[in-house]
Amino acid sequence: MGNGHDTLFMAECVGKTGLVYAFDIQAQAIEATKARLTDTPFEQRVQLIFDGHQNLALYLPKGITIKAAIFNLGYLPKSDKSIITLPNTTKKALDALLERLEPKGRVVLVAYYGHEGGEAELSTVRHYCEQLPQERYNVLNYQFINQKNQPPILFCIEKK
Ligand SMILES: C[S@@+](CC[C@H](N)C(=O)[O-])C[C@H]1O[C@@H](n2cnc3c(N)ncnc32)[C@H](O)[C@@H]1O
């Protein structure tokens, strides 16, 4: 969730019959996202879940598959920089998600690595993506090459 920008974007994309499951471990992020969705036509299309994304299997009904997911890793902007997404839980979330991803479904991960702990997470995500078998997944890496200060790096995983 963070400040809810991606959640709102996803809610716009899923249409009237779609549903977005949004996760965060900070109450502040839930509140910010709730506020961003309030009085929009998209409120009803979102479930705000106060828990880590690594537990997503607990919240998705059996048989539900996923068309798309966004991970915006790192810390909540303008907040406590020590509360960050972590390599191990991000990996668990990816494992759970890929099990449910539909063919042609996509996962986008944006990795920030300027903060303490960011390099370790970037390395885990890169390794995770690199070892996915090409027979089952297309994996793309997209990044700024002329920016200062550790610009974010994007990974996209598409199930074949
Ligand atoms: C970079 S922010 C996300 C920004 C957000 N996408 C936006 O649109 O504003 C990263 C968020 O991940 C949250 N976070 C940290 N660990 C998490 C976990 N295990 N599961 C879900 N969210 C987590 C943080 O609390 C923080 O709000």
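Residues numbered from 1 in each chain as written. Predicted model: local features only at pLDDT ≥ 70, side-chain atom pairs only at ≥ 80, totals over all residues. Heavy atoms only, no water.

S.K.: Please set out the overall build of the protein residue by residue, giving values where relevant.
M.R.: When helices and strands are tallied, the protein shows four helices and six strands. For 160 residues, the compact-globule estimate of 2.2 N^0.38 gives 15 Å, and the C-alpha radius of gyration of the protein, at 15 Å, lies within 12% of that figure. The C-alpha extent of the protein, read off along each of the three principal axes, is 40 × 40 × 30 Å. Counting all 160 residues of the protein, 41% fall into the buried class. In the protein, once contacts between residues fewer than 6 apart in sequence are set aside, the share between residues at least 24 apart is 72%. Carbon and sulfur atoms provide 52% of the accessible area of the protein, an area that totals close to 9,700 Å². Charged side chains of the protein number 18 positive and 17 negative; the gap between the two group centres comes to 5 Å. (Helix = DSSP H or I, 4+ residues; strand = E, 2+ residues; numbered from the N terminus. Rg over C-alpha atoms; globule rule 2.2 N^0.38 Å. Buried < 20%, exposed > 50% of the residue type's maximum accessible area, 1.4 Å probe, protein only. Contact = heavy atoms within 4.5 Å. Areas by Shrake-Rupley, 256 points an atom, 1.4 Å probe, with all protein chains shown as cover. Lys, Arg positive; Asp, Glu negative; His and termini not counted. Charge placed at Lys NZ, Arg CZ, Asp CG, Glu CD.)

S.K.: Give a detailed account of the side chain of D24, specifying residues and quantitative values.
M.R.: Looking at the element boundaries, D24 is found in strand 1 (residues 20–24). Summary of buried charges: D24 has no salt-bridge partner, and the nearest side chain of opposite charge, R36, is 11 Å away. Within the local environment of D24, its side chain forms a polar contact with the backbone nitrogen of G2, the two atoms lying 3.0 Å apart. Other than its neighbours up to four places away in sequence, D24 contacts M1, G2, A29, I30, I49, F50 and D51. (Salt bridge = Lys/Arg side-chain N within 4 Å of Asp/Glu carboxyl O. Polar contact = N/O pair within 3.5 Å; in protein donor to acceptor, adjacent residues only side chain to side chain.)

S.K.: I'd like a rundown of the site of the ligand, residues and numbers included.
M.R.: Around the ligand, 20 residues are found, and the nearest of them are N3, D6, D24, Q26 and H53. H5 has a polar backbone atom sitting 3.1 Å from an oxygen atom of the ligand. The fraction of the free accessible surface of the ligand (600 Å²) that becomes covered by protein chains is 93%. In terms of residue class, the shell around the ligand is made up of seven nonpolar, eleven polar and two charged. (Near = heavy atom within 4 Å. Nonpolar A, V, L, I, M, F, W, Y, C, P; charged D, E, K, R; others polar.)

S.K.: Outline the pattern of salt bridges, listing residues and values.
M.R.: All told, the structure shown has three salt bridges when counted by the stated rule. A salt bridge links K91 to D95; the shortest N-O distance between them is 3.9 Å. Separated by four residues within a single helix, K91 and D95 lie in helix 3 (residues 87–100), roughly one turn from each other. Among the residues examined, K91 registers a relative accessible area of 37% and is labelled partly exposed.

S.K.: Any details on helix 4 (residues 118–130)? Residues and values, ideally.
M.R.: Its 13 residues give helix 4 an end-to-end C-alpha distance of 18 Å, which sits within 8% of 18 Å, the value for a rise of 1.5 Å per residue. Against helix 3, strand 4 (101–111), strand 5 (137–143) and strand 6 (153–159) lie the buried residues of helix 4. (Expected span 1.5 Å × (residues − 1).)

S.K.: Can you break down the nonpolar core residue by residue, with the values?
M.R.: Generally speaking, a soluble globular protein has its nonpolar side chains buried in company with each other. Residues F71, L98, V107, L109, F155 and I157 are the most contacted members of the largest nonpolar core, which totals 28 residues. Contributions of two or more residues to this core are made by strand 1, strand 3 (66–72), helix 3, strand 4, helix 4 and strand 6. Per-element tally for this core: the top contributor is helix 3, with five residues. Both domains that furnish three or more residues to this core are identified here as domain 1 (1–51) and domain 2 (66–160). With residues near it in sequence (within four places) discarded, L109 still touches F71, L73, T90, L94, V125, C129, I153, L154, F155 and I157. (Core = buried A, V, L, I, M, F, W, Y, C linked by side-chain atoms within 4.5 Å. Domains from an automatic or database assignment.)

S.K.: Please give an account of the environment of A35 that cites residues and values.
M.R.: If you trace the backbone, A35 turns up in helix 2 (residues 27–37). Exposure remark for A35: the relative accessible area of 55% places this residue in the exposed category. When the C-alpha atoms of A35 and N3 are compared, they prove to be 9.2 Å apart, with 32 residues separating the residues in sequence.

In short, geometric facts, not functional conclusions.
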